[in-house]
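Structure at a glance
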Amino acid sequence: MRSPLPDDLATIATWPRLKRYCYFFEEAVETDQIWTLYRRSWAIEQSNGYHTFPLWPNQAFATICATKQWQCFKPIQFNIEIILKEVIPMLDNSLWFPSIFQTPSDKGTIINTQLLKDELLSLM
């Protein structure tokens, strides 16, 4: 998949959660990129009683979510191997849950780390 153009960003950001969720995994596996935000610490959010760790399929979507409490945060890229070997264990140790493809107006899909791992491996 090609990186979304600015007009595509606006359209994709309005997709329902399930469609963005599927797009996230397809794009991540195709490009071997998963993005989050960082500035001296990870961009962690509390949602529905969980500490969540936001993940996006590309830099453009991470950047448009670097607002409010994350306005000084910068997008950080991982490849899938790093997600599987380092990020998932970090999330498990911290009791943080992946939040898949949030937008400025939607919190995204909160999943557990086993599902993150299973989804990635099933598409590889």
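Thresholds applied
Residues numbered from 1 in each chain as written. Predicted model: local features only at pLDDT ≥ 70, side-chain atom pairs only at ≥ 80, totals over all residues. Heavy atoms only, no water. Phe/Tyr/Trp six-rings, centres within 6.5 Å; stacked < 30°, edge-to-face > 60°. Helix = DSSP H or I, 4+ residues; strand = E, 2+ residues; numbered from the N terminus. Buried < 20%, exposed > 50% of the residue type's maximum accessible area, 1.4 Å probe, protein only. Lys NZ or Arg CZ within 6 Å of the ring centre and 35° of its normal. Contact = heavy atoms within 4.5 Å. Polar contact = N/O pair within 3.5 Å; in protein donor to acceptor, adjacent residues only side chain to side chain. Axes fitted to C-alpha atoms, helices over the stretch in contact; angles between N-to-C directions. Parallel < 35°, antiparallel > 145°, perpendicular 65-115°, else oblique. Left-handed = near helix turned anticlockwise from the far one by under 90°. Nonpolar A, V, L, I, M, F, W, Y, C, P; charged D, E, K, R; others polar.

As annotated in an unreviewed UniProt entry, the protein is DUF2750 domain-containing protein from Spartinivicinus poritis.

**Topic: the packing of aromatic side chains**
Aromatic ring pairs: the centre-centre distance and the angle between the two ring planes describe each pair. By the definition in use, this model includes eleven aromatic pairs. Ring geometry for Trp42 against Phe53: centres 5.5 Å apart, planes inclined by 70 degrees, an arrangement best described as edge-to-face. Of this pair, Trp42 sits in the loop between strand S1 (34–38) and strand S2 (45–47) while Phe53 sits in strand S3 (residues 50–55); the two residues are eleven residues apart in sequence, bridging distant segments of the chain. Accessibility expressed as a relative area gives 0% for Phe53, which makes it buried. By the ring-pair criterion, three or more aromatic residues cluster together here, those being Tyr38, Trp42, Phe53, Phe78 and Trp96. A cation over an aromatic ring shows up here: Lys19 above the ring of Trp15, its NZ or CZ 4.4 Å from the ring centre. Sitting over the ring of Phe101, Arg20 keeps its end group 5.7 Å from the ring centre.

**A look at the environment of Glu45**
Assignment of secondary structure puts Glu45 in strand S2. In this structure the C-alpha to C-alpha distance between Glu45 and Ser122, which are 77 residues apart in sequence, comes to 28 Å. Excluding its chain neighbours within four sequence positions, the residues that come into contact with Glu45 are Tyr50, His51, Thr52, Gln69, Trp70, Gln102 and Lys107. Within polar-contact distance, the side chain of Glu45 engages the side chain of Lys107 at 3.1 Å.

**Considerations on the packing of helix H2 (residues 17–31) against helix H5 (residues 113–123)**
At a closest axis distance of 9 Å, the pairing of H2 and H5 adopts a crossing angle of 55 degrees. In terms of their interaxial angle, H2 and H5 are classed as oblique. Here the hand of the crossing between H2 and H5 comes out right-handed. Across the interface between the two elements, Tyr21, Phe25, Glu26, Ala28 and Val29 from H2 touch Leu115, Leu116, Glu119, Leu120 and Leu123 from H5. Here the contact of H2 with H5 is composed, by residue class, of eight nonpolar, no polar and two charged.

**So, unusual backbone geometry**
A positive phi angle, close to 50 degrees, is found at Lys68, a residue other than glycine. Overall, the relative accessible area of 66% leaves Lys68 in the exposed class. Even without being glycine, Leu95 reaches a positive phi, approximately 60 degrees. Relative to the assigned elements, Leu95 resides in the loop between helix H4 (80–94) and strand S5 (96–100).

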